[in-house]
Amino acid sequence: MADTPADAMLEPLLEFTGQRGDLIPVLQKVQERYGYLPREVLQAVARWSGLPPSEVYGLATFYALWQVGEKPPPAVYLCDDGPCHVQGAPQVRRALEEAGLEVRRTSCIGHCAGGPAAYCAGRLYRRLSPQDVHVLLEGREAIPTSPADDIIGIEVPLERALLRRVGRIAPHSLAEAVSAGAYQSLRKALTSMTPDEVIEEVVRSGLQGRGGAGFPTGLKMRFTAAAARSGSGPACVVCNADESEPGTFKDRLLMEGDPHLLLEGIVLAGYAVGAHEGYIYIRGEYAPQAALLEQAIREAREAGYLGPDILGAGFSFTVHLHRGAGAYICGEETALLESLEGKRGEPRLRPPYPTTYGAFGRPTLLNNVETLCNLPGIVSYGAEWYRQLGTEKSPGTKLYPISGHVHRRGCLEAPLGRFTLREVIEGPAGGMQGPASFKACHLGGAAGAIVGPEFLDVPLDFASCAAAGAMLGAGDIVVLDAATCMVDYVRAVAAFFRAESCGKCTPCRVGTERQLQLLNELTSGRGTPEHLQELLEWGEHMADSSFCGLGQTASTAVLSALRLFPDEFEAHARGTCPAGVCRMKE
Amino acid sequence: MVTRVHLTIDGRTIEAEEGQTILEAARAAGIHIPTLCYHRDLSPTGNCRICVVEVEKQRFLQAACVFPVAEGMVVHTRSERVILSRRRTLRLMLANHPQDCLLCDSSGSCELQDMAYEYQVSAPAWGEKGTRFPVDSDPNPFVRVDFNKCILCRRCVLACAEIQVRHVWGVAYRAFEEQIVAGTGTTMLEARCESCGNCVAYCPTGALSDKMRHGLGRAHQVRKVTTTCPYCGVGCNFDLSVRDGRVIGVTSNPDAPVNGMALCVKGRYGYDFIHHPDRLRRPRVRRYLLEGKPKPEPKIPNRKSETENPWEWVEVDWDTALDITVHRLHEIRQRYGPESIGFLSSAKCLNEENYLFQKLARQVVGTPNIDHCARLCHSSTVAGLATVFGSGAMSNSMDDVAGQAAAFFVIGSNTTEQHPVFGTMIRRAVFRRGAKVVVADPRRIELVDFATLHLQHRPGTDVALLNGLMNIILEKGWEDKKFIEDRTEGFEEFRAVVEQYTPAKVAAITGVPVEQLYQAAEILALSKPMAVIWAMGITQHIVGVRNVVSLANLQMLLGNMGIPGGGVNPLRGQNNVQGACDMGALPDVYPGYQRVTNEEARRKFEAAWGVPLPEKVGLTVTEMIPAAGEGRIRALYILGEDPVMSDPDSNHVRHCLERCDFVVLEEIFPSETSPYADVLLPGVSFAEKTGTFTNTERRIQMVRQAIPPLGEAREDWRIIAEVARRLLALGTRRPEGGVHAGWDYRNTAEIMAEVAALTPIYAGVSHERLERGERLQWPVRDASHPGTPILHVDQFTRGRGLFTPIEHIPPAELPDDDYPFVLTTGRVLYHWHGGELTRRAQGLSAVYDRPLVEVNPDDAERLGLDKGRRVRITSRRGEIEAEAWITERVPPGVVFANFHFPEGNANVLTIAALDPVAKIPEYKVCAVKVEVVE
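Small disclaimer: the values here were computed from a predicted structure and weren't measured.

Reading the values: rules and limits
Residues numbered from 1 in each chain as written. Chains lettered and ligands numbered in written order. Predicted model: local features only at pLDDT ≥ 70, side-chain atom pairs only at ≥ 80, totals over all residues. Heavy atoms only, no water. Pairing = 2+ DSSP bridges. Helix = DSSP H or I, 4+ residues; strand = E, 2+ residues; numbered from the N terminus. Axes fitted to C-alpha atoms, helices over the stretch in contact; angles between N-to-C directions. Contact = heavy atoms within 4.5 Å. 1 Å grid on protein atoms, 1.4 Å probe; cavity = no way out; pocket = protein on both sides within 12 Å on 5 of 7 lines; lining within 4 Å. Points joined across faces, edges and corners; volume = space filled by probe spheres on them. Nonpolar A, V, L, I, M, F, W, Y, C, P; charged D, E, K, R; others polar. Buried area = accessible area lost by both parts, 1.4 Å probe. Salt bridge = Lys/Arg side-chain N within 4 Å of Asp/Glu carboxyl O. Core = buried A, V, L, I, M, F, W, Y, C linked by side-chain atoms within 4.5 Å. Buried < 20%, exposed > 50% of the residue type's maximum accessible area, 1.4 Å probe, protein only. pLDDT = per-residue confidence, 0-100. Parallel < 35°, antiparallel > 145°, perpendicular 65-115°, else oblique.

(A) Examining the sheet that holds strand β19 (residues 453-455) of chain B more closely. Residue and element names in this part refer to chain B. Here five strands make up an open sheet; going across it, the order is β19-β18-β17-β21-β22 and the pairing parallel. This sheet does not close on itself; its edge strands, each paired only once, are β19 and β22 (568-570). Each strand axis lies, on average, 20° off the axis of its neighbour in the sheet, ignoring direction. Note that strand β17 (residues 407-411) and strand β18 (residues 436-440) share five bridges and pair parallel. What sits directly across from F409, in β18, is V438. On top of the sheet, helix α15 (residues 462-476) reaches β17, β18 and β19; it is set at about 155° to β17, its chief contact. Packed onto the sheet, helix α19 (residues 514-526) meets β17, β18, β19 and β21 (530-534) and runs at close to 125° relative to β19.

(B) Region of the structure containing empty space enclosed by the protein. All names here are of chain B. All chains considered together, the criterion is met by 12 cavities of 30 Å³ or more. Quantified by volume, the largest cavity comes out at close to 530 Å³. What lines the largest cavity is a set of 35 residues, among which M536, Q540, T825, G826 and K924 lie closest to the centre. Roughly 300 Å³ of volume is contained in the second largest cavity. In this structure, the second largest cavity is lined by 24 residues; those nearest its centre are K348, G640, E667, I668 and L837. For the lining of the second largest cavity, the per-class residue count stands at 10 nonpolar, six polar and eight charged.

(C) Local environment of the interface of chain B and chain A. At the interface, 40 residues of chain B touch 47 residues of chain A. Carbon and sulfur atoms make up 54% of the area that chain B and chain A hide from each other, which totals about 3,600 Å². Summed over the shared surface of chain B and chain A, the number is eight salt bridges. Two residues, R88 of chain B and E540 of chain A, come together in a salt bridge whose shortest N-O distance is 3.3 Å. When residues of the side of chain B that touches chain A are traced back to their parent elements, those giving at least two are α2 (80-95) and β7 (169-172) of chain B. Element by element, the count of residues in the side of chain B that touches chain A is highest for α2 of chain B, at seven residues. Each residue belonging to the side of chain B that touches chain A can be placed in one class, and the counts come to 19 nonpolar, 12 polar and nine charged.

(D) Representation of the nonpolar core. L360, F408, Y637 and W743 of chain B are the most contacted members of the largest nonpolar core, which totals 126 residues. Looking at which element gives the most residues to this core, the answer is helix α27 (residues 716-730) of chain B, with eight residues. The residues contacting F408 of chain B, other than those within four sequence positions of it, are V401, A402, I426, A429, R433, A435, K436, V437, V438, L524, A531 and I533 of chain B. Counting residues in each nonpolar core, the second largest holds 90 residues, with A447, C502, C505 and L559 of chain A among its members.

(E) Quick peek at unusual backbone geometry. The amide bond that connects G115 of chain A to the next residue, P116 of chain A, takes the cis arrangement and shows omega of 0°. Structurally, P116 of chain A is set in the loop between β2 (103-106) and β3 (118-120). Residues other than glycine seldom take positive phi values, yet R154 of chain B does so here, at roughly 75°. Although it is not a glycine, K919 of chain B sits at a positive phi angle of roughly 65°. By secondary structure assignment, the location of K919 of chain B is in the loop between β36 (894-898) and β37 (926-932). Take K919 of chain B: its relative accessible area is 24%, and that puts it in the partly exposed class.

(F) Here's a closer look at the pairing of strand β3 (residues 52-55) of chain B. All names here are of chain B. Both β3 and strand β4 (residues 62-63) contribute to a ladder of two bridges, which runs antiparallel. Within the sheet, the bridge partner assigned to V52 lies in β4 and is A63. Between β3 and β4, which pair antiparallel and follow one another directly, the connecting turn spans six residues, one of which, K57, has a positive phi of 80°. Pairing of β3 with strand β5 (residues 74-76), which is carried by two bridges, proceeds in the antiparallel orientation.

(G) Local environment of the sheet that holds β5 of chain B. Residue and element names in this part refer to chain B. Pairing in this open sheet of five strands is mixed, and the strands run β2-β1-β5-β3-β4 from one edge to the other. The sheet is open, and its two edges are formed by β2 (12-17) and β4, each paired on a single side. α2 contacts β3 and β5 of the sheet and is inclined by roughly 155° relative to β3.

(H) Up close: the confidence of the model for chain B. Here chain B shows a mean pLDDT of 94. Residues at 70 or above account for 99%. Across the whole predicted complex the pTM is 0.94, and at the interface the ipTM reaches 0.95.

(I) Local environment of the packing of helix α9 (residues 351-365) of chain B against α27 of chain B. Residue and element names in this part refer to chain B. In the contact formed by α9 and α27, the axes pass within 9 Å of each other and the chain directions differ by 10°. Relative to α27, the element α9 lies roughly parallel. Touching E353, L356, F357, L360, V364 and V365 of α9 are D716, W717, I720, A721, V723, A724, L727 and L728, all from α27. Partitioning the contact of α9 with α27 into residue classes produces 12 nonpolar, no polar and two charged.

(J) Seen up close, the side chain of T416 of chain B. Residue and element names in this part refer to chain B. Note on placement: T416 falls in helix α13 (residues 415-418). You can call T416 buried: its relative accessible area is 3%. With near-sequence residues (within four places) excluded, T416 lies in contact with G423, R427, E446, L447 and L829.

Below, the structure is given as C-alpha cells:
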C-alpha cells in the first residue's frame, strides 16, 4: 500500500468485492479501524463499486455506529432506553458529566439486565453506578461477564431447554457443543426426513415466530418452499439477529452461549425450504458475538456441519455472517433485507412478503434467532413433545428477558403461558427490588404496551396477552415500581423512537420528534393540557398512518401509559411530578 | 396476459389490472386521490403518506401509490379517518416548513400550499420554521436550494436517478435529521451535477427553485407559452414564463412529446440571452453606405476619428436599411449576374423562414447559391444515406430507440453533452432495462460510464473500424441473410471489400485491440434490435460520406433497418437544421429534397413561383466563402449564422469576407462575423416569433411567440418577405402567373401552407394540425396522414438498399514532426455552437466561462504542463491560447478544443479540407503542436 494516510485508510477496501451487499461490512471495518469514515473512503467506495457517491453517503450516514467525515471526540456511549433509564442511567450520566466526561446517548446495546450499560473505547461496562465514574475515567477494563450471569431461571427440563448449553459449554468449542448434543437433530433430519417432513413437523409443533409478531413458522416455511419451487429463484434463509428492542437480550445469550444451536437451526430451516444459503444479520453492537459466530461457522464448516455435502447426506449449505451498523429499524424484516443488500435500512412495502421476494429478490425464510433455535428440539423430539410445552394456542418454550425494578434481572426460560406476570416477578425474579410495590410493566419491548396491576394475573403467552390487550412481543418484561414516574419513563421510550425512526415516512419522522418534544415539555414543567391532547393526536396518527411497524408502535407505550395513568400526566401538565422524579422548572 | 381484478373504491366497483396500485386504478377510473411524493414519471415510494386510504381488512391506513389492488378489495379514499390522517400529515409537514408563502418563488405552483388550502390546514405554532438550514445553500448558479422547505418527498432524488440518471441527490441521515444531500455532502457541482434542473421541475415545494427567477415573478403573475427549445436538434418542448413582456423563466411541460419533464441545462437555463443588452434593436448600416461613398479599403477601419469613419455603424430606420440593402443587391445582380450573390440560411430559424429565404434566392434573385450550416454538420449524412437508401434522415424516433433498442452503437456522438436529453434517454435505457451500449469514440466521453464497451479508435479511422466489425460479423455468420436477400443489392461487391479488412489489419489502423473488435461485433450483432447513433464524429471528415455509408451498410447487414428500436440515427445538431434542409436551404434541392437537376421538380417550382429557375446546383457554404475571397461571389446575405466562429480556418474566412463587396447580416447579436457586414438587420429570437422547427427525428413542432420583438427588431420572415417585395419592385425578376409567386404573407401559417402545397413530405403539415396537438413526423403525405415515426419499413426510398463497398482513406492532415498532435474539435455541455447565445447566458457562462483545451495527463507530463496552465496550440493555419484541462477524456497524442469562445476558437486551427461529395470540412482531425505558455 502507498504510505500516505489517506491511502492506508483505503486498505480495508481491498477486501471489497464491489458487491453492494458487502458495503456495510467493509465500511464497518473502516469505522472500527479509524474510528470514523473519512469522506475519501466513501468516494473511493463509490468509485470501486460504481455506486453513486450520494448513495454511499446516504448509507454511511444512516447507521448510528458510524461517524462520517470527522473523527468524533472520545465519549462514553451510555444507554438510556427504558430499562437502563429506570435502573439509574440518568444518575450515571450526571456523575460522568460532572467528572468532565463526554457522554453520548446510545440506543439499547442488549445488556438490559446488566444496565445501566455503556460502551467506551470498545469496552462494555455493565451495572454502572454513579460511583463507577473513576472506572471510566481511568479507562479500566470492565468486569467480564458470562451469558450465565444473565440467566435467572430455566423452568423446562434442562436437556431440552433452549438454554440447555448456555453457560455450560465453552461457546467457542465445537467439540463441547457436539458432545452436549449439537447437530444431532440435523443428522436426524438429513438422514431420515424429507424437507417436507421437516416443514410439516414444524407446522404441527405450532411454533410461532419469537421476534415479536408470533407468525406461525411452519407456514412461513411452506410459503418459502412453494415460492422457490414455483421458480421465484433459489430460496435462502435469513436469521434476524438484529435484536435491538430495549429490554431484549435473549438472542444475545443464545448466540454467545451456544452458537452451534443457532447454526443447526439455520441449516435445518435451509434444508426444509430447499435453500443452500443462509445469512445471519447480527446487529453491529454485537461485535463479540459476531466474532464467536464467525468462528463457529468456520469450525462447523471444517467439521462438515456446513458447506458442501453436510454429514455426507448430499445437502450443502453456506452461512454468511452480516453485521449491521446500529439501527433498530433493521430488526424490521424488510428493512433488514434492505440493509443486508447494502442499502439504508428503510422498510419495504409488503406485499410482496419476504417469503416470495426477500433477500436479493429471492424467496426468503426470515426468522428470529430464538425461533430458529427452537427447530433442533422440534426435529429431535417431535411436534407432539413440543406441543406439550406451553399452551394449546402458544406451544413451546419461551425466553423472557426481565429487567427493571425486580430483585433478579435476567433471562427466564419457561413454557409459554406457564407463568403469569405476578408469578414471574415473585418467583424467578425474586420479587420487587426494593420496598416500592409493583406499578406497571412494559411488556414486549419498547414497541409494546405498558400494563398495570390488572395484568398481573394474565398468563404470559401470545394469545392470552393479546386477549388482555397487550402484545407479548419478544417476551421482554420491564418491571416498574411505584416510585417510577410514568411520564419520565415513556419519555425515555420516546427518545428511543425519536433516535431510531428511519425517517422515510412523514408521520414517524416528524411524529417521533414531536412526541419527544411534548414529553420533554411535560417532564420539565413546561407542560400544558394541550400537550396531552397532542400526545394523543400524534400517537394515534403514527399508529394509523406510518409506513411500517416502527412508526405504528412508536406511540404504543405512550398511549397505554396515558390511558393507565391519566392523573400522572395531568399532574405534569400542571407542572408537578407526583413521583418526584422529573426536575420541574421553578 | 393481463389479469383483471375488481375492487370497490368509495362504493364504486371498478376493474383494474393485477399489479396496478390503488392509485393507478383509481386515477384510471377518474377517482381523485391526492399525492405529494408520488409523480407518475418516478418510482412510487409511499413515504409522504398523503395518499393514504382505508383498505378494508387492513389494520392500518395504506398508501394508495404503492399498495397493490386485489380482487374484491374495498377501498375508502375520503372516509373521516382518511381525511383526518391527511390533515395530520400536512400539519406535521407544515410544522417544520417556513411560513413565508408571501415571499416564496414557488407560491402558486407549490403542491404543499395547494394541499394545505385543499384541506384547510394551517401550520401549528411548534416546529422549526426556516431555521434548520441556510437559505440558498448551494452555489449552483441555476438551482436555488432551501431545505427548510423540503418535505423529504424524495422526488428530486428520484428525478436525478431515474430521469437524468446522474444520482447527484441522495437521502442522508435518518429520523428527524434526515435530509437531502448532494454527493457525499458536497455542493451540487462537486457532486457532478449537470444543472439540468430536473430536480427543480419535480420538486413540489420551494425547496428547489430556479435561482435566475428568484423574485421575478410567480405562477399567477406569468403567462406560460409552450414552445420548442432553440438549442439542439432533440426538439424539447417547454413553457416560457412571461411577465410584463419579459421571459423570466422556463418550466417543464409534462406533455412535451419528446422530453416530458426533462430538459437540459441549456434548454432550462440558457434563455436569458433573449433580453441580453447586446440584442440588436435597430438596423445598422455602415456610414459609407449612407453617404453614398464607395466601400472603404481596408475594410477593418482605423477608428481614430469616430465621426468621419466611413466604416462605423450608424443606426437607421428600417426603410433606410432595407432600401440600401435591396439597391446594393440589385446593383450587384445587374452588374455581375444573379450567381454573384450567395445566400447563407439559418438552422436556427423557422422552417417558414428557411423556405422564404431559399425562395428569395431562387425566385427573386435567381441564384442557385443557397446553403446553410447543415453543410458543416450533416451534409455527409444526407448524401451518404441518400446513396444507400435513397433518402437521408434519422430513420427512427428517439423514444422508439430509447425504449426498444437492445443495444446502442454510439459512434462519433457525445450524446450526453450535445443532445443531452436524448443522452439521458440512453442512460435510462441502460439504467432501467439494461440495454447495452458500445461507444466508439477517440475520446472517453461521459457516456462511456454507461457503456458495455468503449472502442477508442484513432481519429479518422471509422471506415476501417466499421469494415473490421462487419468482417467479423461475416466471419461468424451473424449477418441477417434474409434481410440481405429480400431488401438489398450489391452485397457481393461489398463483401469483397469488407473481407480485406481483417481484424488484425483493422487493429493496426484503428488502434483498437482485436479482442475488443470481436466483443463489439458480438454485442452489436447479437443484440437485436440495435440502433446506430452518430453525429459530427462521423460526418466531419473528408470521408464523412464514406463513414455514413459504412454505417448504413452495417445496419443492412444486421437487418436493423425499418424496425422499431433499430435504424440509422444521425443526431442533428441545431434546433432546426433538419427543417432548414427540409425547406430546401441547400444548393442542390428544393423543399422536400426535390432535386434542382430534376426537370420535373424544376418545372413545378417554376410554375409555382412564376419565374425560370437555375438549372444547376449552386455553391455550398464551404465554396461560397472562398468564392467571395476570389471575387466570384460579390454579395452575401447571411441569415443568423456566424461563419467566422463556425467555419473551418477562420483566418481564411475573415480574409474572404473582407473581400466581399456587400455583406448583409441578419442577426440578433453583433457577432464575430458582423465586423465584416455592411448592413446589420435585427432579427428576433425564438421567443418573439411563431412558426415551426423540425427536430432530428423529423418531428415538426410549433414555436410560439411569447413576447413582441425587442425594440425595432422584426421577425425574420417579415424581413425576408420585405426584402423580396422590394427587390421585385426594383424589377430583379418579373414573375408571371404562379400561384405561389407572391410575398404577401400575413403569418407563418400561410407560409407553411405554401410549403405543404409544394413539398410532398410536408403535404399534410399545417399549423392548425399542430395546434390541435397532433404529433407529426415527416413524411406526412396529406392532411389526414398521421406521419411516419419509422422510415424504410417495407422498402427503401430507392427500392432496394444498396450495399456500397467503402475503403479506408486516412485524414487529410496527419501529425508529423512539426505538428505532432491530432486536434479534434467539438462542443461542451454548457455551450452552444459559436457561443453567440450561451456566452450571453449568465449561468452557463458562470459554470464554463473560458475555452479549455483537453490534454491527456501523459502528454501534460511530457510537456511540463500543470493544472490550470495555458497552452498555445498552433496549426498550419493559425494559433490559439487557452487554459489546459488535463484529463483522460482524450487519449495521448490527441487534444480537444471547442469553438465557443472567440478568444480560443478551435476553428482558427481547423483545416478546410472537404469531403469530395458533401463538401463538409474535416473539423475532427488536423495536425497541431502544443506548447506551454510561459
